[in-house]
Structures are given as structure tokens and as C-alpha cells.
Amino acid sequence: AQSVTQPDIHITVSEGASLELRCNYSYGATPYLFWYVQSPGQGLQLLLKYFSGDTLVQGIKGFEAEFKRSQSSFNLRKPSVHWSDAAEYFCAVVMNSGYSTLTFGKGTMLLVSP
Amino acid sequence: GAGVSQSPRYKVAKRGQDVALRCDPISGHVSLFWYQQALGQGPEFLTYFQNEAQLDKSGLPSDRFFAERPEGSVSTLKIQRTQQEDSAVYLCASSFEDRVSGEQFFGPGTRLTVL
């Protein structure tokens, strides 16, 4: 069965510093990969997705992610974090067959310090 | 236009009560998903509708859980004889497409607390 691992439960980053959130997946083939952000009281918002092609994908709010097949990873990055980025971030995968049921990781809570 | 809406936003139930959670997807969206998000966890799939057809209910945790989408738009998730372990946020998502690449748009969720 497919699974997603986000090894960091929470991360604290200083405002203006760079950010990298880790995501590893377990799946027999290359899945479709997603990053979502969830702010308190808000629904999940899609940041970016990878289906195929260029392994470095750009998303909204200045985020990017890189797919590395050899490491089964899809890490999320941002060069300079803003206080408004504080939220919970979820990595998710979809099997590239059938319909688009998402399998999520447990999430990483990002705290931004002044 | 309006996004996915869910009601109620908060629900407190006594153990053993039945509850009904409503999801209004984005108009015209073919696919509708329900997820359960326990505290400190990522969302977990419950069930999937393509229009009015429930194509996958493999994630429903027990036969106390029932979902319907009779006219292919609004959906209701019903939980009978609620238990404390049912306490969670229930998320609804809809997608215009029924393909793997269809982006899912999530509602704000219903937080269910079972006492």
C-alpha cells in the first residue's frame, strides 16, 4: 500500500530564513505528488503538484518542491519564510491510476519566530 | 465563485447520538470526497462519489458510517450511534474532473466532538 512519511512533526524557522520540509513516499511506481497547507480554521489549500516532467515544480506563495526518484522524496522549500507561512503542511500522493483519492502524511507544523 | 462549504462547522454529540454532516461542493464538480482528520493526523480517505454514484467506500471505518449524494451535488455523511473515537474533523473535497489529475478543493471541515 502506498504511504507518505513526513519525519518532522514540527519545525521552527526564523522569519526570513529558508525552509525545507521533508516528504518521503512508498509506492511501486511514481505517484502523483502534492503539497497542501492548512491554516487554523481553513480548508486545505493546494500549494503545488508534480505529475511528470521537470522535477522542480513551482507553486503558489513562493514555494517550490523537488521530486527525487532515487530518494522517493518530494521536499518542499521556500527561500525566505514570512510570518504568514506559519501553518500545517501536508504532503500527499495519488496512485496514477483510477481516480484521485489522496493519501496524506501526518503533517509538519511550521512555526515562524520573529 | 463560492468554494466548498460544510455545515455545521462544529458539532457536539453525546455518545450514541446520530449526526449528519453536510457538504456543498463547487457547482458542476463531478467528484466528491470525504476525509476524516483525527487530532494531530493527516486526513484519511473515507469515501468517493462520481456524480451520484458512490464508487468507493473502502475508507468508512464501520457500518455506522453512511454517505449519500442523491442528486450528484450536495452530499451528507451520517454517523449513527456516535462513539468517542469518531471525534475528528470531517473534510469534504470536490473536483471538476474525475481523472487522477483533477485538483481537489477542500471545505473548512466539520469538527465533531463526541462526549
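Everything numeric in this text was worked out from a predicted model, so none of it was measured. (Residues numbered from 1 in each chain as written. Chains lettered and ligands numbered in written order. Predicted model: local features only at pLDDT ≥ 70, side-chain atom pairs only at ≥ 80, totals over all residues. Heavy atoms only, no water.)

1. Describing the overall build of chain B
Right, on to step 1. Broken down by element type, chain B carries zero helices and eleven strands.
Right, on to step 2. Along chain B, from the amino end to the carboxyl end, the secondary structure elements read β-β-β-β-β-β-β-β-β-β-β.
Right, on to step 3. Relative to the compact-globule value of 13 Å for 115 residues, chain B shows a C-alpha radius of gyration of 13 Å, a close match.
Right, on to step 4. Each of the three principal axes of chain B carries a C-alpha extent, and together these read 40 × 25 × 25 Å.
Right, on to step 5. Here the analysis covers contacts within chain B between residues at least 6 apart in sequence; of these, 53% occur between residues at least 24 apart.
Right, on to step 6. Total accessible area computed for chain B in this model is approximately 5,600 Å², and 47% of it derives from carbon and sulfur atoms.
Right, on to step 7. Separation of charge centres in chain B, based on 12 positive and 13 negative side chains, amounts to 9 Å. (Helix = DSSP H or I, 4+ residues; strand = E, 2+ residues; numbered from the N terminus. Rg over C-alpha atoms; globule rule 2.2 N^0.38 Å. Contact = heavy atoms within 4.5 Å. Areas by Shrake-Rupley, 256 points an atom, 1.4 Å probe, with all protein chains shown as cover. Lys, Arg positive; Asp, Glu negative; His and termini not counted. Charge placed at Lys NZ, Arg CZ, Asp CG, Glu CD.)

2. A few points about the side chain of Arg64 of chain B
Residues and elements named next belong to chain B.
Right, on to step 1. Tracing the chain through its elements places Arg64 in the loop between strand S6 (53–56) and strand S7 (65–68).
Right, on to step 2. Within the local environment of Arg64, its side chain forms a polar contact with the backbone oxygen of Arg81, the two atoms lying 3.2 Å apart.
Right, on to step 3. With near-sequence residues (within four places) excluded, Arg64 lies in contact with Lys78, Ile79, Gln80, Arg81, Thr82, Gln83, Glu85 and Asp86. (Polar contact = N/O pair within 3.5 Å; in protein donor to acceptor, adjacent residues only side chain to side chain.)

3. Description of the environment of Ala17 of chain A
All names here are of chain A.
Right, on to step 1. The topology assignment puts Ala17 in the loop between strand S2 (10–14) and strand S3 (19–21).
Right, on to step 2. Judged by its relative accessible area of 29%, Ala17 falls in the partly exposed class.
Right, on to step 3. In sequence terms Ala17 and Thr30 are 13 residues apart; their C-alpha atoms lie 31 Å from each other.
Right, on to step 4. Beyond its immediate chain neighbours, meaning those up to four positions away, Ala17 contacts Lys78, Pro79, Ser80 and Val81. (Buried < 20%, exposed > 50% of the residue type's maximum accessible area, 1.4 Å probe, protein only.)

4. Focus on the pairing of strand S9 (residues 88–95) of chain B
Residue and element names in this part refer to chain B.
Right, on to step 1. With eight of eight residues buried, S9 lies mostly within the body of the structure.
Right, on to step 2. Side chains Ala88, Tyr90, Cys92 and Ser94 of S9 all project onto a buried face; the interleaved residues Val89, Leu91, Ala93 and Ser95 project onto the opposite face, where all are buried too.
Right, on to step 3. Bridge count for strand S4 (residues 31–37) against S9 is seven bridges, and the pairing is antiparallel. The partner of Gln37 across the bridge, within S9, is Val89.
Right, on to step 4. In this structure, S9 lies alongside strand S11 (residues 110–114), joined through three bridges in antiparallel fashion. The residue of S11 that forms the bridge with Tyr90 is Thr110. (Pairing = 2+ DSSP bridges.)

5. A few points about the state of the cysteines
Right, on to step 1. Overall, the coordinates contain two disulfides over all chains when judged by the stated rule.
Right, on to step 2. The residue that forms a disulfide with Cys23 of chain A is Cys91 of chain A, at a sulfur-sulfur distance of 2.0 Å. On the S-S bond that ties Cys23 of chain A to Cys91 of chain A, the torsion sits near -65 degrees, and the link is left-handed. One end of the pair, Cys23 of chain A, is in the loop between S3 and strand S4 (24–26); the other, Cys91 of chain A, is in strand S10 (residues 87–94), and 68 residues separate them in sequence.
Right, on to step 3. The buried category is assigned to Cys91 of chain A, whose relative accessible area is 0%.
Right, on to step 4. There is a disulfide in this structure between Cys23 of chain B and Cys92 of chain B, and the S-S distance comes to 1.8 Å. For the disulfide bridge between Cys23 of chain B and Cys92 of chain B, the dihedral angle about the S-S bond is near -65 degrees, and by the sign convention the bridge is left-handed. Remark: Cys92 of chain B occurs in strand S9 and Cys23 of chain B occurs in strand S3 (residues 19–24); sequence separation between them is 69 residues.
Right, on to step 5. Overall, Cys92 of chain B belongs to the buried group, its relative accessible area being 0%. (Disulfide = S-S within 2.5 Å.)

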